[in-house]
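Descriptive structure summary
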Amino acid sequence: AGESDFYQYILATSGFDGSARIWDVRRPSQVRRLDAFAGLTCIECHEGSHLLAAGGMDGHVHIWDLRMWRELRALNVRTRLGPRAHARSLAASPCGTFLAAGC
């Protein structure tokens, strides 16, 4: 299995411990742990990209690049929606250009 095949066999989970965990379903084993600063309530990954988004209870939506295993950006939904807002669901558009957050 080549490097590009790897992405066919990963599963991402989010947890209240503030981490998104990447698993290889062929083994099954944890491949990587991506840390945020608050519990994560939702997660989304578009099949055509290497980006993973996760919504945190602190009001941030974290976006990671799975090729480099690093966070690209953390967007704060509270700046627009108020001090108690946080993402409860995430959905990528079919083309992968847009990310919607249900708060």
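Residues numbered from 1 in each chain as written. Predicted model: local features only at pLDDT ≥ 70, side-chain atom pairs only at ≥ 80, totals over all residues. Heavy atoms only, no water.

Now for the state of the cysteines. Summed over the entire model, instances satisfying the criterion amount to 0 disulfides. Here Cys42 is not disulfide-linked; the sulfur of Cys103 is the nearest cysteine sulfur, at 8.2 Å. Residue Cys103 is classed as partly exposed on the basis of its relative accessible area, which comes to 42%. (Disulfide = S-S within 2.5 Å. Buried < 20%, exposed > 50% of the residue type's maximum accessible area, 1.4 Å probe, protein only.)

Residues apart from glycine generally show negative phi values, whereas peptide bonds are mostly found in trans. For the bond from Arg27 to Pro28, the omega torsion is -25°, close enough to zero to count as cis. By the element assignment, Pro28 lies in the loop between strand S2 (19–24) and strand S3 (29–35). In this structure, Trp69 is a non-glycine residue whose phi angle is positive, near 55°. Relative to the elements of secondary structure, Trp69 occurs in the loop between strand S6 (60–65) and strand S7 (70–76). (Helix = DSSP H or I, 4+ residues; strand = E, 2+ residues; numbered from the N terminus.)

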